[in-house]
Amino acid sequence: MTLHVRFSSISCFFALSFLVTTLVSLPSRRLDEVESLLAFKNEFTLSCNKSVTNSWTRDAIFFDGVLFDKDTGGVTELKLRGACLSGTLDANSSLFKLHQLRYLDLSLNNISSSLPAEFGRLTDLEFLDLHQNRFTGELPSSISNTTVLTKLHFLDISNNSLQGKVPEWVWSLPSLTATNLSRNSFDSFPNVPPTVTYLAASNNNFTGEIPLSLCNPKNLLFLDLSNNSLTGSVPRCLSESVTVLNLRRNSLTSLPDAFSNSSLKVLDVGHNQINGKLPRSLEHCKSLEFVDVEGNRINDTFPFWLKDLPNLIALILRSNRFYGPLSSPQHPLPFSKLMIIDIAGNMFDGSLPPNYFVNWSAAIRPRVKHIGDSYSLVDFSGNRFVGEIPESIGMLKSLLALNLSNNGFTGHIPSSMDNLSNLESLDISRNQLSGTIPQELGKLSFLSYINMSYNNLTGQIPQGTQFQTQNESAFEGNIDLCGFPLRKRCFRENVSATTTHTQSSHASKTMHSLNSNNPLLLFSILVVFNFVLSFYIPLSTNSVICHAFSKVRFKIHRSLILTSVNNTELEKIIE
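Worth saying up front: this structure is predicted, and the values here are computed from it rather than measured.

Here is what the cut-offs are and how they apply
- For every chain, the first residue of the written sequence is number 1, and numbering continues from 1 along that sequence.
- Totals for whole chains, interfaces and linings use every residue, but because this is a predicted model, local features are given only for residues with pLDDT of at least 70 and side-chain atom pairs only at 80 or more, for both listing and counting.
- Hydrogens are left out, water is left out, and the side-chain values use all remaining heavy atoms of the structure.
- Strands are runs of DSSP state E lasting at least 2 residues, helices are runs of H or I lasting at least 4, and numbering of each runs from the N terminus.
- Per-residue accessibility, obtained with a 1.4 Å probe over protein chains only, is compared with the maximum for each type, and a residue is labelled buried under 20%, exposed over 50%, and partly exposed between these values.
- We call two residues in contact whenever any of their non-hydrogen atoms come within 4.5 Å of each other.
- Cavity: a set of points on a 1 Å grid over the protein atoms alone where a 1.4 Å probe fits but cannot get out. Pocket: an open set with protein on both sides within 12 Å along at least five of seven lines, its lining residues, like those of a cavity, having an atom within 4 Å of a point.
- Grid points are joined across faces, edges and corners, and a volume is the space filled by probe spheres set on the points.
- Note on residue classes: Ala, Val, Leu, Ile, Met, Phe, Trp, Tyr, Cys and Pro are nonpolar, Asp, Glu, Lys and Arg are charged, and everything else, Gly too, is polar.
- Pairing between strands is defined by DSSP: at least two bridges between the two strands are required.
- Axis lines are fitted through C-alpha atoms, for helices just across the contact stretch, and the angle between N-to-C directions can take any value from 0 to 180 degrees.
- We define a salt bridge as a side-chain nitrogen of Lys or Arg found within 4 Å of a carboxyl oxygen belonging to Asp or Glu.

A. Local environment of the overall build of the protein chain. Within the protein chain, the secondary structure is distributed over eight helices and 35 strands. The 575 residues of the protein chain split such that 51% are buried. Pairs at least 24 apart in sequence give 53% of the contacts found in the protein chain among residues at least 6 apart.

B. Fine view of empty space enclosed by the protein. Scanning all chains against the criterion turns up three cavities of 30 Å³ or more. Every residue along the wall of the largest cavity is listed here: L115, F119, G120, L125, L128, L130, I143, L149, L152, L155, I157 and W169. Considered class by class, the residues forming the lining of the largest cavity number 11 nonpolar, one polar and no charged.

C. Focus on the sheet that holds strand β10 (residues 161-165). In spatial order, the strands read β8-β10-β12; together these three strands make up an open sheet with parallel pairing. Here the strands that pair on one side only, and so sit at the sheet edges, are β8 (136-138) and β12 (185-188). On average, each strand axis in the sheet is tilted by 10 degrees relative to the strand beside it, whichever way the strands run. Summarising the sheet, β10 and β12 pair through three bridges and their orientation is parallel. Within β12, the position partnered with G164 by the bridge is F186.

D. Structural detail: the pattern of salt bridges. For the structure on display, the rule yields 14 salt bridges. The closest approach of N and O atoms between D292 and R248, which form a salt bridge, is 2.9 Å. One end of the pair, D292, is in strand β21 (residues 290-292); the other, R248, is in the loop between β17 (244-246) and β18 (251-254), with 44 residues separating them in the sequence. Of the two residues, D292 and R248, neither departs from the other in class, the shared state being buried. Measuring nitrogen to oxygen at the nearest pair gives 3.8 Å for the salt bridge that ties D300 to K277. Here D300 is found in the loop between β22 (297-298) and β23 (314-316), whereas its partner K277 is found in the loop between β20 (275-276) and β21, with 23 residues between them in sequence. Residue classification places D300 among the buried residues on the basis of a relative accessible area of 9%.

Listed below in C-alpha cells is the structure:
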C-alpha cells in the first residue's frame, strides 16, 4: 500500500512538472491581440466544420494557424489557408490591429470584397497571400503607409476578380521579389522594379507589346505572361537571363535572333503568331529542358541541331509549317533524356529507316522522377511520312503514348510493338497499313486507347481484353478486318458450315455473357479507361484526349519550373 501511494505521488509530481514546463514554454500572448483574433474570426461565417479557427477561444492553450512572438506576445504569423472563411474584409477589420504581422496567408477562402487599403498599416508584413478568393474591383490607387512597407517581398493576389491597372505602389515596394497577379482582369501595368525575381501575370487582359521595363530586373528568373493579348516581338533582354519564360497564348510575332542564356530551362511560346525560322542560337542554351513552339507559323526544317542540348526532355513543334525529312545520315538524333516529342500537324515527309529509333531507346524512358509519373510520348501524326513503321519502335520499352495517325505509312504493323509493355495509347489510324494485327498486341495489358481505323488491315482483331473494350470506330474503315468489336464475324477456313455456325454462336453467347452477366466488369474497365485518359496523353484529335494532353503538359511544365528555380515560395506562385 505504501509503495502504491509513493508511486502515485511520484507520478503526480512528474505530471505537474510537465504541465508547469509546458505553460512556461508557451509564448506569452497579449490579451488585446487575442481579442483582435477572436473579433476577426467573428467577422466571417465558417463554411465547413474543419476550420483551423475552431480552436480559437479566450482560454485556448493553442491557436491553430497562429504564431505569437515569444517576447512581445504579438501575432507575427497568421496561416489561414483554406480556413473556410466566408464574408467580407472591411477597412475596419480587426485584422489590421495586428501590427506585428509578418506572414499572412488568407488564400483559398471565400472572401468577397474590394481589397482594403488598410493592408498598408501592417508595416512589418513580409509575406501576403490572398490568392483564390473573391476580391473584386480595382486595386486601391494608394495603400496606407506604402512608403514604410519596406519588408514585403512576396505578394500573391491571383485567382480573384480584380481589374484595371496595376497601380504604381505595387512596384514601389522596395523589397518585392515575387508577385503573382495571374487569373484576374488587369489590363496594364507600370514599370517593373529591379528587385523582382519571380513575376506571374498570366490569364489577364494585358495588351500591346511586352513592356521593356521587364528588362530592368537583372535577376529575373521566372516570367509567366501566358494567356494575354500581347503583340509584337519578344524583347531580346528576356533571352539573356530568364530561367523560365512562358509567353504561351498571346499574339506575339517573332522571337529574338540571339539566345545567349545558358540558364534558360523552359521556353514556352506556344499558340502565338510567330513566323520565320526557329532561332539557331537556342543551341547555346545548354540547360534547356522544355521547348514548346506549338501553334505558330514557323517555317523551317527539323532542328537537328537541338540534339546538342544534353538536358532536353520535351520538344513540341506541333501545328507549325515545319517541312522536310526527319531522318538524316548527317544528323542522328541521340537525345539522351528526351521524354516527349510532338511534331504533329506539320509537313514533315519521307520515310524513317528501320533503325530510326535505336538511338532513342535510352531516351524514351522514365528518368525524370520529379515529374511524378513518367510521361513518355511520341506524336508524329498529321504529316506526310511514307514507308514502313520502323521495327525499332519496339525498343522504346517505356513508351506510354504513340500517335502515327494521318500519314502515309505502308506495310505491316511491326510485331516488335508487343515489347511496348507500358503502352497506354496507340493511334495508327488513317494510314495505308496492311496485313493482320499482330495477335501479341493483345497482351499489352495497359493499352487503354486504340485507334487503327481507315487502313487496309485484314484478319481477326486480337482477343485481348484491351482490344475487346474498344469501340467499333477504333477499327472501322478496314474492309477485310473482322471480329469483335466489329459486327463482321471471322470464319475459319476448312471448317464445315455447321462447325462454323456452332463456333460463331458460342462466341456470340460468350460476348452476350460478358455484357449481360458481368456489367460491373465492363463498367470497371470503362472507369479505368476514362481515369487513364484524364491523366495521360492518348494523343488524338479527340477533344477529351487533347484536354488530357494539356493537363500532362501542365504537370511537366510546373515540375520543371519548380526544379528550375529551386525556391519553396515559387510553388505558391505557379498554382
